[in-house]
Structures are given as structure tokens and as C-alpha cells.
Amino acid sequence: MQRIKPNRCQSIEERNQLLSKLHFELKKALESGKYPVKQTPEAKIPQPTFVDNPVETISQSAIQLLFKAVRSKLRDDLSKKYKRNLKSVYRQFKKFATEDELNSSITSISTTRIESFLLQFNKSGTYYMNKRRDLGVLFSAAGRLIDQSVEVIQKSKKKKSKAKLHKAYERDQLKPILSYLKAHNPNLYICSLLTYGAWLRPHEEVRLLTVGNFKNDLSEVHLSGEENKGGRVRVVHIPEYIRVELRDKLDGLGRHDNIFSLNEVPFNEYYFNTQWSRAWAKMYKLGLIFEDQTIYSFRHTAAVQLYRRTKDVHLLQQLLGHSAITVTLKYLRNLGEINSEELAKYAPQLEF
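Residues numbered from 1 in each chain as written. Predicted model: local features only at pLDDT ≥ 70, side-chain atom pairs only at ≥ 80, totals over all residues. Heavy atoms only, no water.

Caption draft 1: Looking closely at unusual backbone geometry. Phi angles above zero are rare outside glycine, and D217 is one such case at about 55°. Here D217 shows up in the loop between β1 (214–215) and β2 (220–223). In this structure D217 comes out as exposed when scored by relative accessible area, which is 58%. In this model, D292 sits at a positive phi of 70°, which is unusual for a non-glycine residue. Position of D292 among the secondary structure elements: in the loop between α11 (271–285) and α12 (297–310). The class of D292 is partly exposed, set by a relative accessible area of 49%. (Helix = DSSP H or I, 4+ residues; strand = E, 2+ residues; numbered from the N terminus. Buried < 20%, exposed > 50% of the residue type's maximum accessible area, 1.4 Å probe, protein only.)

Caption draft 2: Region of the structure containing the packing of helix α9 (residues 186–197) against α11. Following both chains from N to C, one finds α9 and α11 inclined at 105°, their axes separated by 10 Å at the closest point. By the criterion of interaxial angle, the relationship of α9 to α11 is roughly perpendicular. Only Y271, F272, Q275, W276 and A279 of α11 make contact with α9, whose side of the interface consists of N187, L188, C191 and S192. Tallied by class, the residues present in the contact of α9 with α11 amount to six nonpolar, three polar and no charged. (Axes fitted to C-alpha atoms, helices over the stretch in contact; angles between N-to-C directions. Parallel < 35°, antiparallel > 145°, perpendicular 65-115°, else oblique. Contact = heavy atoms within 4.5 Å. Nonpolar A, V, L, I, M, F, W, Y, C, P; charged D, E, K, R; others polar.)

Caption draft 3: Just the sheet that holds strand β3 (residues 234–237), in detail. Strand order in the open sheet formed by three strands is β1-β2-β3, and the pairing between neighbours is antiparallel. Every other strand in the sheet has two partners, leaving β1 and β3 as the edge strands with one partner each. Examined bridge by bridge, β1 and β2 share two bridges and lie antiparallel to one another. Pairing of K215 across the sheet is with E220, part of β2. (Pairing = 2+ DSSP bridges.)

Caption draft 4: Main features of the packing of aromatic side chains. Taken as a whole and assessed by the stated rule, the structure comprises 13 aromatic pairs. With a centroid separation of 5.6 Å and 90° between ring planes, the pair formed by F121 and Y127 is classed as edge-to-face. Taking the centre distance of 4.7 Å and the plane angle of 45° together, the rings of Y169 and F298 count as tilted. Pair noted here: Y169 is in the loop between α7 (152–155) and α8 (174–184) and F298 is in helix α12, with a separation of 129 residues, a long-range link. Each of the two residues, Y169 as well as F298, counts as buried. (Phe/Tyr/Trp six-rings, centres within 6.5 Å; stacked < 30°, edge-to-face > 60°.)

Shown next, in the form of C-alpha cells:
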């Protein structure tokens, strides 16, 4: 085993780095059976040095801190998807990093190595930046455990991410698409109606609706702060054309029954994604639907239609249930798609 002398270091940080390395070398020697029978003074393991921090010590290895960071985030009030992403990037980085890196100080991991890790997710700018963001969350949380700023992720290269556009439906598309869904997938049909006519999010809100969420003869849906993405109590109006479809469907169900699974246990979070993917492929072949049009496009279509009628972004924000108006403005990107007839209306005139 090579000689490592942490007590000769001039700084606590350097000493703790060598202590981590010593721990790694000792473990490797024990596992290989090469540990000497007689200990020499140089082979004695020095006691770890602790900093004045009541919670954690600065001598913990990178993998220990990242593990604790993940565990801490999983206890926070975050979405299931976000927690799943954090666990995923933790496992991926753990698999990528060398043993030396995992067992050394987290501050010793270089920007070059972080960029090498992120290159695995280079198939799109959005995918790359999402992984960079998730890894950055873990490194920042790990840094807080030792009261140090860990900025290696912030120093890594950024990539331009192209925002995904849920392209709005054209006016003559809506009825054929909804008619197809009604005939071939009743649950997806009701979900699409509620996404379009009641401004609800398909996966986070519509999928989890129970009979008890409907009030005043099905004319309203009431969501608590825990039942919607915005985290606030929300009441939405249900148009009559949706109520007509719901009355027979909800007949005979209990207050706590989910309106799609028809019992108290809702379908899993991927249910409508799977159903939509299958239906989309068939509708696309029939020419009913186009690229970049999704189940969320029903919500985007309703938003664009309302804005064109009212030009009121704040009203739109309330109906969509957004906590920030910047999110609402993203829904209006579809307004950038203007056909030639519309352009002709606004062409500047010049008189000679």
C-alpha cells in the first residue's frame, strides 16, 4: 500500500482528501489480502478530523454525500417524476464514475469528467440539459451537507434546448379526432374533452378524478391543493357537452371511485401516455392528426382560442391554473403560426 500521510497536510481540505484516499486504499488492500501482518508507524490509520459542523463532516466521500442528497430530496414535497429523475441520474453517475472519484472528495470531481458524463445524453439539447439540471440538484444538495459550494455542474457546458411545442389543433381537426376517440377509446375521449373544455392537465389532474371531485350536478370540478400541479385550491367549470358524456359514466359509482378505473385505485401515471401513443399512430395513418400534436394540444388549443377572443393573459393564467404568467405565455407560442390568408389581412398598406 502506498504511503499516504494526511497529518502532514497544510489545510483541512487537503487532509480530508487524503483521508478519503487512505480509506479507499486500506479497503482495497484488505479485500486483496495484501494488508501487512505487522503494522509499521506509517501504516497506522490516523483519526479523522472533524470540522465544526453539527450535522455532517467534510471528510465524507462523494458517493456518501450524493446518496444522502438523493435520500433528502426523496423526502421533499416533489413530483413522482422529478424524484424518479433524481434517482435515475444518481444511479447513472454512480455507474459512470471511477472508484477513486466516488471515494474521494466531491470537490475533487473535475468539470471535464462531468462533461464526459453528460455527453451520454447528447441526443438532444433538452435531454442533455435535463440531466445537467438533475445532477446539479444533487451536487448542490451534497454541498449543503458539508456547508460548501459545489459549482462543478454550473461550470460544465450548456446546450441549447429546443422547447417541445404541443401544436394546437386546427378548427376542422377537433371533431374528427374526438369522434375517433369516442368510438375507439372512451376513456381517452373523456380525458381529451376535460383537457380541452375544462382546462385540466391530463396526467396530473384528469387521470386522478373521482366522483367526489364533481359538484353542483357535474357543473364544476373542485381540486384541493394536493390534487393539482399548482398546489392551490382550484375550481373549474364543466361545459354541458362534457356533462352529457359524464352522466351515464358516473352513474352507480361511489364518491371515492376513480372515473376511469371505476374503483378507488386509479390507473398508473403512464396510462394516458400509453393509450394516446397507440391512438395517435392510428389517427396519424388516417390523416386525422399531425406531427407535434399531443394530448396536451387540446389544452393548448383551448388557450389559443380564448386568447384570440379576449387578449387577456391574466384570465388565461387563472383558467389554466398556472402559478407564474411566464408559463402561460409559453402556451401562446402557437400564435406564431399564421397562415397566408391571415397574413394578408395584416399586410401594411401604402398609398401613393
